[in-house]
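Working through the structure, step by step
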Amino acid sequence: MENLCPFCVEPLNSADCSKLYAKGCDSINQKIKFLGLDIPEVLVGQFVHKHCRRDFGRKSSKESYPEDLTASNQITSDVSLDEICFFCGCPAKYIENGKRRLDVEIAKTSKFIENLPANIAKRSDEWSQKVANRIEGKDLLNATYHKNCNIHFQTLKSIPLCHGVSVAKQVGRPQNQSKLEALSKVVKLMESAEDEIFSIKDLVELMQQECDEIIENRYLKKKLLEYFGERVLVITNDGKPDLLVLSQSVKPLINKLYEQQLSRQGQSERDVYVSKAADIIKSEVLVASANKECYPSSETLSDVAKQNQFLPNSLRRFLSEIFVEANCELKIASIGQAIMQAMRPRTIIAPLQIGLGVQLHHAFKSKFLIETLHKMGFSSSYSEVLRFRYCAASTVEEIHPNPNQMVKFVADNIDHDTRTIDGKGTFHGMGIIAAFTPGQSSKVVVRSKATIEDVKAVGQIEVLPYSNKPVGHGMCYEDVPELKYEDDFLPTTLLLNTTWLLRTTRPSWSGIMQLISHGSHPGNSSIKVLPMIDLAASDPTCIFSALHFLCKEAEKYGVTPIITFDQPLWWKASLIIQDEPVSSRLKKIVLLLGGFHMQMSFLGSIGYLMTGTGLQECLETVYAPNSVIHMLSGKAIQRAVRGHFLVSTAVNALITKKAESILPKIDWNTLFAESADLYDQLISLQLDSDDKTLDPIH
């Protein structure tokens, strides 16, 4: 700004300029500091417009800066309120030749003083804020004010022109205030930064974070050139974003390079190489492209190769030479991204750092832990983690129906903060998830200024009151036809049981299943969390609303609604679906009992049917009596499964032993050895052949 006037920020010309000396600079700088003007301090030898300096020296020149100064006839807040109008701040003398002026009133009634805070809160604008600051901590009794100011203030009008700041009507297109504020922050950032080179692309992203307007590179470049003039240097690279650096930053950079050159003269050759390597790495990191519009996906975070691609070649090569471990790719990526984040804290978001912060918040909910790691350079800040959570919760995922994909919905009760001392502030509702097989890619989370209101707008489920008769009446089951099927695994099971007595190595049941199974796996499933319902999970209205919501979700994906509940909720949902008319969408639901409750019911049925058969006494030879009671009722799942397998194996061993005594005396070891070899050959033939009619047992 050496060729611009510091007062009007207009180009200087030799005809209307004056040079500043030490005394004039001190006077101008003291007045700028006293008035709090947003004008840079002037320097000795600097040129300014003569008329600007003349207007600045006059008292009336305050009108030339309406954003920073009050009107020329306004008084500061240090003056007593019996001399000024506390509405507009202008002089309000109520004594003139022994009489009060007609346009001035005195606050004498307590009702007027008591109603003033309510009027201030009613307006809630810039004028009311100034009035509140002016009367704060002062006694309003006998304070003076203008009649017109009082009327305009109470009727929500603007300040009267006779007492306000008269601003000339601006000519041309009105300026976008949000753009100007964002541009001001960019300018302050560039002026406050030391020894830093800015990319025009990064500055545009910074402006778009502050305002919702679309910012173009050429617009920002033009504004910065108009403001800084010759103080800014533009570095243009073919195919890459332009780089900006202030001349005040160039000088320290050149001095730094010169000092480094001088210092290297006394350094060893090794130190010189280290300094040059650091310069090369820093130069590549500063120009590396970074995306702050979207957060990284979970697939990207789990791919170590992609995380290493985030690093510049020089940094990745440098860290690879340092680490000597066999599998150190993840360490190289994490430490390299920490270095990049430390070098460019405002312009990039390292994927592993935001991923670590989100994972720590999910596991520990500790702000202290995240902030401590952030200060050490290993994690994103706590505020950035919360911003990601709001953005992720408010992001609406695009739905793409896939006919080869199975979607299964699961709903159950959910409790939160159940350990409070007074029992208040807890949450008891219904949580819902959707399982996709094969899994689908995670949604893209856009980095925005999401709030809790945005999350509420997305995470809502319409509550439909259940107006039918109370749930709890009997259910009518339809006749299920007898299922006729052939057990293809019966020969394999028989072979497994008969070879139990052999003292040779044999595969377990899971091993045999892997040998005889064919086909490809559909792939890993993925889970999507759906909104919760703030009602008791056992409430019929909650279940009814959840069923309708899941039917709508199934229609979006083009699949049949398959819903899983635990046993109490499954029973009530079955009754609700039974009471619905034939035309209801709920009739399409395939209602499933949860796998855990299905297994409990199955094991409980075995215990009920085997009562009095000696099964309980048999199990008590291995397990404690109290544990056996829970095993037979289906509660102790793991023990019950293990116990039933032990009993089945023991019974099969006894039967095989009995059959051995009845059959003619033969060399069982030789027979079983030959059978085992033949079995292995048949298994290998079956794996190599597409003919599934081969039966290993024969």
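Anyway, here's the lowdown on the structure attached to this text. (Residues numbered from 1 in each chain as written. Predicted model: local features only at pLDDT ≥ 70, side-chain atom pairs only at ≥ 80, totals over all residues. Heavy atoms only, no water.)

1. Comments concerning the environment of Cys17
Checked against the element boundaries, Cys17 lands in strand S1 (residues 17–19). Along the backbone, Cys17 and Gln46 are 29 residues apart, and their C-alpha atoms lie at a distance of 9.9 Å. Contact partners of Cys17, with chain neighbours within four places excluded, come to Leu12, Phe47, Val48 and Lys50. (Helix = DSSP H or I, 4+ residues; strand = E, 2+ residues; numbered from the N terminus. Contact = heavy atoms within 4.5 Å.)

2. With respect to empty space enclosed by the protein
Using the criterion set out here, one finds one cavity of 30 Å³ or more in the structure. Within this model, the largest cavity holds a volume of roughly 90 Å³. With five residues, helix H7 (residues 200–210) is the single largest residue contributor to the lining of the largest cavity. Classifying every residue of the lining of the largest cavity by side-chain character gives four nonpolar, two polar and four charged. (1 Å grid on protein atoms, 1.4 Å probe; cavity = no way out; pocket = protein on both sides within 12 Å on 5 of 7 lines; lining within 4 Å. Points joined across faces, edges and corners; volume = space filled by probe spheres on them. Nonpolar A, V, L, I, M, F, W, Y, C, P; charged D, E, K, R; others polar.)

3. Details of the environment of Glu181
Relative to the assigned elements, Glu181 resides in helix H6 (residues 177–192). Once the C-alpha coordinates of Glu181 and Glu210 are considered, the two residues, 29 residues apart in sequence, prove to be 8.0 Å apart.

4. Quick look at the packing of aromatic side chains
As enumerated under the stated definition, the model contains ten aromatic pairs in all. Relative to Phe87, the ring of Phe86 lies with its centre 4.6 Å away and its plane at 35°, an arrangement referred to as tilted. Assigned by exposure class, Phe86 and Phe87 land together as buried. Each residue in the set Phe86, Phe87, Phe112, Trp127, Tyr145 and Phe153 is aromatic and connected to the rest through ring pairs, giving one cluster. Residue placement shows Arg123 over the ring face of Phe153; its charged tip is 5.2 Å from the ring centre. Sitting over the ring of Tyr219, Lys179 keeps its end group 4.6 Å from the ring centre. (Phe/Tyr/Trp six-rings, centres within 6.5 Å; stacked < 30°, edge-to-face > 60°. Buried < 20%, exposed > 50% of the residue type's maximum accessible area, 1.4 Å probe, protein only. Lys NZ or Arg CZ within 6 Å of the ring centre and 35° of its normal.)

5. Some details on unusual backbone geometry
Omega for the peptide link from Thr437 to Pro438 comes to -5°, which places this bond in the cis form. Among the secondary structure elements, Pro438 is positioned in the loop between strand S9 (427–437) and helix H18 (452–458). In this structure, Leu156 takes a positive phi of about 60° despite not being glycine. A positive phi is found at Lys365, a non-glycine position, where the angle reads about 55°. Structurally, the position occupied by Lys365 is in the loop between helix H15 (351–364) and helix H16 (367–376).

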